[in-house]
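Spelled out from the first residue to the last, the chains are:
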Amino acid sequence: MSGSGLYDVAGFGPLALAGSLDVAKGALGPWLAGPRRPVLRALAAGAGVAGHNWSPLLGWAGGRGISPGLGATLAAAPEGAALLVGGLAGGRLLHQTGFGSLVALVGLVPLLIHRRGWRGGLVAICISGPMLAKRLVGNAIPRGDHPARVLVARLLFDRDPVAGAGDAPQSRAA
């Protein structure tokens, strides 16, 4: 389940619809909690992202949480949404959207603490925590690959390393 996969299979229209619904899904909880209940608002934001990442409807699998994270920050701290969009756009320009989103996630906590105090920091932690956890957990460690190498690739680029990358080329026996 990914936006790229949906786009490849069904095109832009279904991608735009699904993406909009995912953003709305992330915004709903924090919006309902409102600004007068900052802890509930932050927990609702994190729950929206975590529910997207580990959906019981998909056998506890799911996406990476970017779209619901955008929705949650739009509802709770719009400057955080601008940072996430900027990270995605910059990553897209560099053909490294995983790395761009990581840079934005790392910047989210200090930005929201600076702009909104502890309430903003709590929102940022509740949103970025499940997103970073999903990056690291991913799927099972590929056979024959070093676990540390896999975790570093997942954290930095949000994908598993290419099999054999960085190793000596292997020759084929005829």
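Each chain has its residues counted from 1, running along the sequence as written. Residue-level local features of this predicted model are given only where pLDDT is at least 70; pairs of side-chain atoms are given and counted only at 80 or more, and the full residue set underlies all totals for whole chains, interfaces and linings. The side-chain values count all of the structure's non-hydrogen atoms but skip hydrogen atoms and water molecules.

Now for the confidence of the model for the chain. Do not read the predicted coordinates in detail wherever pLDDT is low. Confidence of the predictor at the level of single residues is captured by pLDDT, which takes values from 0 to 100. The predicted model of the chain has a mean per-residue pLDDT of 88, with 90% of residues at 70 or higher. Confidence over residues 165-174 falls short of pLDDT 50; this stretch has two contacts with residues more than four positions distant or in other chains. Here a residue-residue contact requires only that any non-hydrogen atoms of the pair lie within 4.5 Å.

Note on aromatic contacts: the rings of Phe and Tyr and the six-membered ring of Trp form a pair at centre separations within 6.5 Å, being stacked when their planes are under 30 degrees apart, edge-to-face when over 60 apart, and tilted otherwise. Under the counting rule described, the total for this entry stands at one aromatic pair. Between F99 and F157 the ring centres are 6.1 Å apart and the planes differ by 35 degrees, which places this aromatic pair in the tilted class. One end of the pair, F99, is in helix α6 (residues 97-137); the other, F157, is in helix α7 (residues 147-157), and 58 residues separate them in sequence. Looking at F157, the relative accessible area reads 31%, which means it is partly exposed. Secondary structure elements follow DSSP: runs of H or I of four or more residues count as helices, runs of E of two or more count as strands, with numbering from the N terminus. Summary of the burial criterion: residues with accessible area below 20% of their type's maximum are buried, those above 50% are exposed, and those between are partly exposed, where the area comes from a 1.4 Å probe applied to protein chains only.

What is meant by a nonpolar core is a set of buried Ala, Val, Leu, Ile, Met, Phe, Trp, Tyr and Cys residues, joined one to another through side-chain atoms within 4.5 Å. The biggest cluster of nonpolar side chains holds 18 residues, and the ones touching the most others in it are L84, L108, L112, V123, I127 and M131. When contributions to this core are tallied by element, the ones reaching two or more residues are α3 (38-53), α4 (66-76), α5 (78-93) and α6. No other element matches α6, which puts nine residues into this core. The contact partners of V123, leaving out residues within four places of it in the chain, are A42, A76 and L112.

What follows covers α7. Where α7 is concerned, the buried positions are V150, A153 and R154. Buried residues in α7, looked at end-on, bunch into an arc of 100 degrees, giving them a common side. The first or second residue beyond α7 is D158, which carries a positive phi of 60 degrees. Note: the arc covers the axis-to-C-beta directions of the helix.

Glancing now at the side chain of S101. Position of S101 relative to the elements: it lies in helix α6. If near-sequence neighbours (up to four positions away) are discounted, S101 is found in contact with I66, G87, L88 and R135.

Below, the discussion takes up the packing of α6 against α7. To get an axis, fit a line to the C-alpha atoms, keeping to the stretch in contact for a helix; angles then go from 0 to 180 degrees between the N-to-C directions. It is the contact of α6 with α7, at a shortest axis distance of 5 Å, that shows an interaxial angle of 130 degrees. The orientation of α6 relative to α7 falls into the category oblique. Once α6 is placed against α7, the crossing between them reads as right-handed. Judged by residue contacts, G98, F99, L102, L132, R135, L136 and V137 of α6 engage L151, R154, L155, L156 and F157 from α7. Residues are grouped as follows: nonpolar covers Ala, Val, Leu, Ile, Met, Phe, Trp, Tyr, Cys and Pro; charged covers Asp, Glu, Lys and Arg; every other residue, Gly included, is treated as polar. Here the residues of the contact of α6 with α7 sort into nine nonpolar, one polar and two charged. The cut-offs work like this: below 35 degrees is roughly parallel, past 145 is roughly antiparallel, 65 to 115 is roughly perpendicular, and the gaps in between are oblique. Each helix crossing is assigned a hand: it is left-handed if the near helix lies turned anticlockwise from the far helix by less than a right angle, otherwise right-handed if that turn is clockwise.

At W60, a residue that is not glycine, the phi angle is positive and equals roughly 70 degrees. On the secondary structure map, W60 appears in the loop between α3 and α4. Relative accessible area serves as the criterion here: at 57%, W60 is assigned to the exposed category. Positive phi values are uncommon outside glycine, yet H95 reaches one of about 60 degrees. Within the secondary structure, H95 is located in the loop between α5 and α6.

In the sections that follow, a salt bridge refers to a side-chain nitrogen of Lys or Arg positioned within 4 Å of a carboxyl oxygen of Asp or Glu. Scanning the model with the defined rule gives five salt bridges in all. Between D158 and R64 there is a salt bridge whose closest N-O contact spans 3.2 Å. Of the two residues, D158 is situated in the segment after α7 and R64 in the loop between α3 and α4; the sequence distance between them amounts to 94 residues. Taking relative accessible area as the criterion, R64 reaches 31% and is therefore assigned partly exposed. A salt bridge links R154 to D160; the shortest N-O distance between them is 2.5 Å. Judged by its relative accessible area of 29%, D160 is partly exposed. What emerges from the salt-bridge pattern is a single network uniting E79, R115 and R116.

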